[in-house]
Amino acid sequence: MATRLQFENNCEVGVFSKLTNAYCLVAIGGSENFYSAFESELADVIPIVKTSIGGTRIIGRLCAGNKNGLLVPHTTTDQELQHLRNSLPDQVVVQRIEERLSALGNCIACNDHVALAHTDLDKETEEIIADVLGVEVFRQTIAGNILVGSYCALSNRGGIVHPHTSVEDLDELSTLLQVPLVAGTVNRGSEVIAAGMTVNDWTAFCGSDTTATELSVIDSIFKLREAQPSSIVDEMRKSLIDTYV
Amino acid sequence: MDQDSSGMFKVQQTIGSVVCCKCGVPMPPNAANMCVNCLRSEVDITEGLQKSIQIFYCPECGCYLQPPKTWIKAQWESRDLLSFCIKRLKNLNKVRLKNAEFVWTEPHSKRIKLKLTVQAEVLNGAVLEQSYPVEYTVRDNLCESCSRFQANPDQWVASVQLRQHVSHRRSFFYLEQLILRHDAASRAVRIKQVHQGIDFFFGNKSHADSFVDFLSKVVPIEYRQDKQLVSHDVKSSLYNYKYTYSVKICPICREDLICLPSKVSSSLGNLGPLVVCTKVSDRITLLDPRTLRCAFLDARQYWRSGFQSALTSRQLVKYSVFYVEPPVGEATVGGQKYALSYVLIARESDIGKMLTVQTHLGHILKTGDQALGYDIYGANVNDDEMAEYRLHGRLPEAILIKKCYDKERERKKGKPRAFTTKKLPMEMDESRGGRGVDPGKMENEYEEFLRDLEENPELRFNISLYKNKDYQESDETASMTDGEGAPTVPIEELLAELELSEEGEGDGEDDMDE
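Computed from a predicted model, the values in this text were never measured in an experiment.

A.B. asks: Explain the overall build of chain B to me, please; I cannot follow it from the model alone.
C.D. replies: A tally of regular secondary structure across chain B gives eleven helices and 30 strands. Here chain B, with 514 residues, has 43% of them falling under the buried criterion. Sequence separation of at least 24 residues holds for 61% of the intrachain contacts in chain B that already meet a minimum separation of 6. Entry remark: accessible area of chain B is about 29,000 Å², with carbon and sulfur atoms responsible for 48%.

A.B. asks: Can you help me understand the overall build of chain A in this one?
C.D. replies: Tallying secondary structure elements over chain A gives eleven helices and 15 strands in all. Residues classed as buried in chain A amount to 55% of the 245 residues present. Taking the contacts inside chain A whose residues are at least 6 apart along the sequence as the reference set, 60% of them involve residues at least 24 apart. Surface summary for chain A: the accessible area is close to 10,400 Å², and the carbon and sulfur share equals 50%.

A.B. asks: Help me understand the interface of chain A and chain B in this model?
C.D. replies: Often, the extent of an interface is quoted as the loss of accessible area upon association of its parts. In this assembly, 17 residues from chain A lie in contact with 20 residues from chain B. Between chain A and chain B, the buried area comes to about 1,200 Å², and carbon and sulfur atoms account for 50% of it. Linking chain A with chain B are zero salt bridges. When its residues are assigned to classes, the side of chain A that touches chain B shows four nonpolar, eight polar and five charged.

A.B. asks: So what exactly am I meant to see when it comes to the packing of helix α4 (residues 170-182) of chain B against helix α10 (residues 439-455) of chain B here?
C.D. replies: Helix-helix packing is characterised by the crossing angle of the two axes and by the distance between the axes. Residue and element names in this part refer to chain B. Where α4 meets α10, the closest approach of the two axes is 10 Å, and the angle between their N-to-C directions is 60 degrees. As the angle between them shows, α4 and α10 are arranged oblique. As for the relative orientation of α4 and α10, their crossing is right-handed in sense. In this structure, α4 contributes Arg170, Phe173, Tyr174 and Gln177 to the contact, and α10 contributes Met442, Glu445, Tyr446, Phe449 and Asp452.

A.B. asks: I would appreciate a short explanation of the pattern of salt bridges in the present structure.
C.D. replies: Side chains carrying opposite charge are able to pair once their charged atoms draw close together. Residues and elements named next belong to chain B. Using the criterion set out here, one finds 20 salt bridges over all chains in the structure. Here Asp209 makes a salt bridge to Lys205, at a shortest N to O gap of 3.5 Å. Of this pair, Asp209 and Lys205 both sit in helix α5 (residues 205-218), separated by four residues, roughly a single helical turn. Looking at Lys205, the relative accessible area reads 25%, which means it is partly exposed. Within the structure, one salt-bridge network assembled from shared partners comprises Arg170, Arg254, Glu255, Lys402 and Asp452.

A.B. asks: What is the right way to read the nonpolar core from this model?
C.D. replies: Nonpolar side chains in soluble globular proteins tend to end up buried together. By size, the foremost hydrophobic cluster in this structure holds 53 residues, and its most contacted members are Leu116(A), Ile142(A), Val161(A), Leu181(A), Leu114(B), Leu116(B) and Tyr136(B). If we skip the residues at most four places from it in the chain, Tyr136(B) touches Ile53(B), Ile55(B), Cys85(B), Ile86(B), Leu89(B), Lys110(B), Arg111(B), Ile112(B) and Leu114(B). Ranked by size, the runner-up nonpolar core spans 42 residues in total, among them Val212(B), Val218(B), Tyr446(B) and Phe449(B).

A.B. asks: Even after reading the chapter, I still don't get a negative patch on the surface, so can you show me in this structure?
C.D. replies: A contiguous patch of negative charge on the surface is contributed by Asp122(A), Glu124(A), Glu127(A) and Asp131(A). Of note, Glu127(A) is situated in helix α6 (residues 123-133).

A.B. asks: Explanation requested: the sheet that holds strand β27 (residues 427-428) of chain B in the structure shown.
C.D. replies: Residue and element names in this part refer to chain B. Taken together, the six strands give an open sheet; going across it, the order is β14-β15-β11-β13-β12-β27, and neighbouring strands pair in mixed fashion. Sheet topology places β14 (221-233) and β27 at the edges, where each strand pairs with a single neighbour. Bridge count for strand β12 (residues 188-194) against strand β13 (residues 197-202) is six bridges, and the pairing is antiparallel. Across the sheet, Lys192 pairs through a bridge with Asp199, a residue of β13.

A.B. asks: Mind showing me how you'd approach the packing of aromatic side chains here?
C.D. replies: What the rule picks out here adds up to 18 aromatic pairs over all chains. Judged by centre distance (6.4 Å) and plane angle (20 degrees), the rings of Tyr239(B) and Tyr241(B) are stacked. Tyr239(B) gets classed as partly exposed once you look at its relative accessible area, which sits at 42%. Tyr241(B) gets classed as partly exposed once you look at its relative accessible area, which sits at 26%. Three or more aromatic residues joined by ring pairs form one cluster here, namely Phe7(A), Phe16(A), Phe34(A), Phe38(A) and Phe205(A). Over the aromatic face of Tyr243(B) sits the side chain of Lys205(B), whose NZ or CZ is 5.1 Å from the ring centroid. Geometry around Phe296(B) places Arg283(B) over its ring, the cationic atom sitting 4.6 Å from the centre.

Calculation notes
Residues numbered from 1 in each chain as written. Chains lettered and ligands numbered in written order. Predicted model: local features only at pLDDT ≥ 70, side-chain atom pairs only at ≥ 80, totals over all residues. Heavy atoms only, no water. Helix = DSSP H or I, 4+ residues; strand = E, 2+ residues; numbered from the N terminus. Buried < 20%, exposed > 50% of the residue type's maximum accessible area, 1.4 Å probe, protein only. Contact = heavy atoms within 4.5 Å. Areas by Shrake-Rupley, 256 points an atom, 1.4 Å probe, with all protein chains shown as cover. Buried area = accessible area lost by both parts, 1.4 Å probe. Salt bridge = Lys/Arg side-chain N within 4 Å of Asp/Glu carboxyl O. Nonpolar A, V, L, I, M, F, W, Y, C, P; charged D, E, K, R; others polar. Axes fitted to C-alpha atoms, helices over the stretch in contact; angles between N-to-C directions. Parallel < 35°, antiparallel > 145°, perpendicular 65-115°, else oblique. Left-handed = near helix turned anticlockwise from the far one by under 90°. Core = buried A, V, L, I, M, F, W, Y, C linked by side-chain atoms within 4.5 Å. Patch = residues over 30% accessible without salt bridge, like charges linked within 9 Å, V, L, I, M, F, W, Y side chains within 5 Å. Lys, Arg positive; Asp, Glu negative; His and termini not counted. Charge placed at Lys NZ, Arg CZ, Asp CG, Glu CD. Pairing = 2+ DSSP bridges. Phe/Tyr/Trp six-rings, centres within 6.5 Å; stacked < 30°, edge-to-face > 60°. Lys NZ or Arg CZ within 6 Å of the ring centre and 35° of its normal.

That's the geometry; what it means functionally is another story.
Quick look at the structure:
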């Protein structure tokens, strides 16, 4: 179920937070409201970590990650890196990359299986991504924009892209990513999808300007209505019992 | 999948559809990502624009007020009115005006409705177009000039007082016809006839100025301009004046006999002291009957010396011509042919006394004719110069001026003329009793003026004469067989009056000659 919230009166939730299936990063704000909102949804399921990257609060746009790993830019200080390594679960590999394009969140859009990358990314970086995150990397553009990380919000069940994406592009991307895609908007017609919302397999958080229509689109494409964290565990349990017998 | 002209492989891009973020209706994506209706409901670009406004209209002259002071003439639902209405709206420069048109309202409803279509940019680049109505309330308000006119319709700002100090009104009859022909007094508020002159009243100083200009071109005049303060607005330092032009027409008329002062005579190349004035336009033409030499004096030259005529046309007497000798000299002066010859004449009243005089009318006089001329021998002239010349015995006994057609006119007595003239709408000066104008005298003078017109084609040059509807041609032709008839205006020179009848047009103007 998608939730509407604000970070210090700003609707760009995806800028100040990073949500994956294994963990959640939030920025340090003046009041605790932002953090509490995440906590109320995700408290016992995944760890929620308050952090800054390079001293800034725009952590959502600077780092890219999935349940396997987290990539942070070279501007991250050692203390922050250490803090992240301490707070996140052990199976999550935290790696600092030396890359000219340091806003990794804007350059990389990924879920647990596949990632889209900025066309000008280094070859080494691409290899590191494939390695650390355990994904297949595709260099792509979305509606003619090279910042794929900003204009696409991706989860394992679906994705939303820039509203001006043509039908052919949509098909192509959908084939690459192997998930259903829709061209849509967030935050009352804003085209920068990933900055306006953050999503994982069972929940999504959007800016409070998001209209009911947009919210319903998000719910339907990411299949959030039926998704509860427990239902995933139940499915796993069913398969386990099968093998037992 | 097709190739374009440069050979590059280009994928065909179809625009997908997104849902409107507000209402969920599928639509092609745009800059605001909202459907048009939602965008319109969200943003009103006509906010802050004037939707109703008051304008002032003068019902007398049909003008609309543009504050602070200009009045603009415009027809109902015309382009001028449209642009005026749009100019009156404030804040319209914030949006771009695409289209404006009138919405029909009853003419007596005192409302003008306009439908304006404007375009403005909203929300990150989307351009929205919207139409909205504007209502104008029309209020009646007389403009300044109309209100001034309403208060006192006879009010004039400038007046031209035209005077000629002679005992007849021939020049004024001629001037009247000229003015009618050139429409010079069309803007006069009032025209008044006074003793020895005419007064013209105008509503505007420039009208009076142009009238005086016109006069200076047709008669030799001298004028002065004076003004009188009527009111004075202290705050804005505006002064209201009444202007008066005092115009004097030169007192020398056609057919006058003039004895030139010696100075003038020598400055004109020793033109004989006695000269006849043959034509008055913007210059006076003086003809010496003895040498057939001509001189022209314009207004300034005349008033430098300011001489008066010795004998005027009132003092013309009839002479009978007994014998005309063959001409000794001929000349064409100013378009007119003259022939110098000696004639044997005698005064009608004193047939016994025969005189042989030199005359310049040798080309038209024949034995048995009657002529009009000045009797210098017997005249009592109040002129020092002439008295001096008389002392030295250098004056001729008589000077003939023109041929007399009285005998021929006898036949036509009582029959109407072939032409009529129009008149200016003049008021008569009733106020001064003794010095008022005598109607009987006026008629005689007018009759003489008409005869003058018949005899002199050059006088008719600048005048419009109209066909007399009552005139019948057949009578005239009968009398024409008895030899030479009285001179008349040839029928080609006459204009037919424009008659507007109910069915459309009557006679049109057929001006073939001029």
